[in-house]
Amino acid sequence: MTSSTPHLTDRVARAVLRTLAALPRPVQRLIGGRPLRIDGAELDTEVQLGLRLMTLAAGTTFEKLPLPQGREQIGREAWIVGAATEVGDVRDLSVDGADGPIPARLYRPHHQPGARLPLLVYFHGGGFVLGGLGAADSVSRFLAANAGVAVLSVDYRLAPEHPFPAGVNDAVAAFDHAVTHADELGIDPGAIGVGGESAGGNLAAVVSLATTNEARTRQDRPVPCFQLLFMPVTDLSTKHRSYELFGDGLFLTEAQMDWYRDHYLTDPALAVDPLVSPLLAEDLSGLPPAYVATAGFDVLRDEGEAYARRMREAGVAVGTRRHRGIVHGLVNATGVGHAATTALAEAAGALQLGLRSSVPATDGGGR
């Protein structure tokens, strides 16, 4: 939210969505319409209902609004569908960005005071243009509470004011800040992973790629111990088949992806840079273990899965999960229905395993 008090219309929308999400599935089906099937999969009933309500209530979509209004709209939508899962502590702070301090937010689960926790450095979605700490709040809280790890959510600089590579530079700097300020943050410097959703998933993948490449020639270079990639952007150089299947009417559209790309890149030729499109990197060997979750009804589905395959072929330990019945970005909807929390609960398990496997058994950690 851009203000501390939600608009009345937002409070009404939030209440309506939660009421409808609690209805029996047959009733949701009656309201949502006939099942939608594409590419052998059926859209989840509660997801289809939510999309229908969004269509009925739709005004101007964010890419057609002035940028400040588009950013405000995304923040309001995040509050409407999200939930403030209870955690032990939330603290706003600054981290050392590439060109100065950047805002961040540290979440700690309920835990023994003074315990050093594994940490996930998390990057929000929003196409490198939208989003912020508020948009990432529901996912950050859920992962901290259910994986029993600390989460550092990073408010990296956004395009078009700060186009590529500003966001990448901030993301790498934020990871390095977590390593060098581990004592201050109360976390284990040897158990720091990176994660994100959509554009944030891209940044997490790029941080892993950039630090791994640097570590080939500099042995003391810290590298994340794990990657958590939700529906990541991995290739802005071309449009994969999923664009043809899901390019319109399923939350994230082809037109919106074009808008994001045009804001993020000052030159279309930059799309082939592996720090923009990690799928195009020549060598993916040595990357941290990864968990890649994709949505079955998402324009980004195929490139996310292609990146997981390429990592696996390069010898990286990769867990993959296609949530067949959901759309892009649904992991943020922790306050509406069950689809988001089901997907996040599985990811939290992978995150807990991935980060805690880096912690010595004598650490005393635990939930």
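Computed from a predicted structure; not experimentally measured. (Residues numbered from 1 in each chain as written. Predicted model: local features only at pLDDT ≥ 70, side-chain atom pairs only at ≥ 80, totals over all residues. Heavy atoms only, no water.)

Caption draft 1: Summary view of the sheet that holds strand β3 (residues 89-97). Taking strand neighbours across the sheet as the criterion, the eight strands line up as β3-β4-β6-β5-β7-β8-β9-β10 in an open arrangement whose pairing is mixed. Strand pairing shows two members of the sheet lacking a second neighbour, β3 and β10 (318-327), which therefore form its edges. Averaged over neighbouring strand pairs, the angle between their axes works out to 20° when direction is ignored. As paired elements, strand β8 (residues 227-230) and strand β9 (residues 290-297) share four bridges and run parallel to each other. (Pairing = 2+ DSSP bridges. Helix = DSSP H or I, 4+ residues; strand = E, 2+ residues; numbered from the N terminus. Axes fitted to C-alpha atoms, helices over the stretch in contact; angles between N-to-C directions.)

Caption draft 2: Spotlight on the packing of aromatic side chains. As enumerated under the stated definition, the model contains seven aromatic pairs in all. Consider the rings of F123 and Y156, whose centres lie 6.4 Å apart with planes at 70°: the pair is edge-to-face. Of this pair, F123 sits in strand β5 (residues 117-123) while Y156 sits in the loop between β6 (150-154) and α6 (166-180), and the two are 33 residues apart along the sequence. Of the two residues, F123 and Y156, neither departs from the other in class, the shared state being buried. Each ring, one from F164 and one from Y264, has its centre 5.8 Å from the other, and the planes form 70°; the classification is edge-to-face. With F164 in the loop between β6 and α6 and Y264 in helix α10 (residues 254-264), this pair connects stretches of sequence that are 100 residues apart. Summarising the burial analysis for this pair, F164 and Y264 share the class buried. Every member of this aromatic cluster is reached through a ring pair, and the members are F62, W259 and Y260. (Phe/Tyr/Trp six-rings, centres within 6.5 Å; stacked < 30°, edge-to-face > 60°. Buried < 20%, exposed > 50% of the residue type's maximum accessible area, 1.4 Å probe, protein only.)

Caption draft 3: Local environment of the pattern of salt bridges. Applying the stated criterion to the full structure yields 25 salt bridges. Between D183 and R116 there is a salt bridge, with the nearest N and O atoms lying 2.1 Å from each other. Within this pair, whereas D183 is found in helix α7 (residues 182-185), its partner R116 is found in the loop between β4 (100-108) and β5, the two being separated by 67 residues in sequence. With a relative accessible area of 34%, R116 lands in the partly exposed category. Here K239 and E254 are joined by a salt bridge, their closest N and O atoms 2.7 Å apart. Within this pair, whereas K239 is found in the loop between β8 and α9 (241-246), its partner E254 is found in helix α10, the two being separated by 15 residues in sequence. The class of K239 is partly exposed, set by a relative accessible area of 37%. The class for E254 is partly exposed, based on a relative accessible area of 28%. (Salt bridge = Lys/Arg side-chain N within 4 Å of Asp/Glu carboxyl O.)

Caption draft 4: Summary view of the pairing of β6. In terms of burial, β6 is largely enclosed, as five of its five residues are buried. Summarising the sheet, β4 and β6 pair through four bridges and their orientation is antiparallel. Bridged to A104 within β6 is V154. Following the backbone out of β5, through helix α5 (residues 137-147) and into the adjacent parallel β6, one traces a crossover that is right-handed. (Right-handed = clockwise from strand over helix to strand, strands pointing away.)

Caption draft 5: Representation of the environment of V90 within the structure. When you line up the elements, V90 lands in strand β3. Its relative accessible area of 33% is what places V90 among the partly exposed residues. Residues V90 and A150, 60 residues apart in the sequence, show an inter-C-alpha distance of 9.9 Å. Not counting chain neighbours up to four residues away, the residues in contact with V90 comprise R105, L106, Y107 and R141. (Contact = heavy atoms within 4.5 Å.)

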